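Letter by letter, the chains look like this.
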Amino acid sequence: MAGATCPKCGNKTLFNDNRGKSCTRCDFFVEIPVAKGRGRRCVICGKYQVGENGVCRDCGAKHNYGED
Ligand SMILES: [Zn+2]
Ligand SMILES: [Zn+2]
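Residues numbered from 1 in each chain as written. Chains lettered and ligands numbered in written order. Predicted model: local features only at pLDDT ≥ 70, side-chain atom pairs only at ≥ 80, totals over all residues.

Asks: What exactly am I supposed to notice about the sheet that holds strand β1 (residues 14-17) here?
Replies: Pairing between the strands of a sheet is mediated by backbone hydrogen bonds and can be parallel or antiparallel. An order of β1-β2-β3 is seen for the three strands of this open sheet, with the pairing classed as antiparallel. Of all the strands in the sheet, the pair left with one neighbour each is β1 and β3 (29-31). On average, each strand axis in the sheet is inclined to that of its neighbour by 25°, with strand direction left out of account. Relative to β3, strand β2 (residues 20-23) runs antiparallel, the two sharing three bridges. Each residue of the ladder has a partner; that of Ser 22, found in β3, is Phe 29. (Pairing = 2+ DSSP bridges. Helix = DSSP H or I, 4+ residues; strand = E, 2+ residues; numbered from the N terminus. Axes fitted to C-alpha atoms, helices over the stretch in contact; angles between N-to-C directions.)

Asks: What's the story with the pairing of β2 in this structure? I'm lost.
Replies: Along a regular strand, successive side chains alternate from one face of the sheet to the other. Across four bridges, β1 lies against β2 in antiparallel orientation. Across the sheet, Leu 14 pairs through a bridge with Cys 23, a residue of β2. Linking β1 to β2, which pair antiparallel, is a turn of two residues.

Asks: I'm lost on the environment of Asn 18 in this one. Help?
Replies: Within the secondary structure layout, Asn 18 lies in the loop between β1 and β2. For Asn 18 and Glu 31, which are 13 residues apart along the polypeptide, the C-alpha to C-alpha distance reads 9.0 Å.

Asks: Please clarify how the environment of Cys 45 should be interpreted in this entry.
Replies: Position of Cys 45 among the secondary structure elements: in the segment after β3. When the C-alpha positions of Cys 45 and Ala 61 are compared, they lie 8.5 Å apart, and in sequence the two are 16 residues distant. Setting aside residues up to four positions removed in sequence, Cys 45 forms contacts with Cys 56, Asp 58 and Cys 59. (Contact = placed C-beta atoms within 7 Å.)

Encoded structure:
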């Protein structure tokens, strides 16, 4: 299965992964920021709405992830 074209090496080896997209031929990768609606999973409501500050945008639960 061909991936998207990698802008760095030019091969069609850019695949989705858990953080965004990454190239399997070189070290190029794209990370989707958490602020774009792909937060961590909230342990209270189960939605992926926990932002970088640890607060769930849906139910308001605060997760103590600390710095990372
Ligand atoms: Zn590449
Ligand atoms: Zn929540």
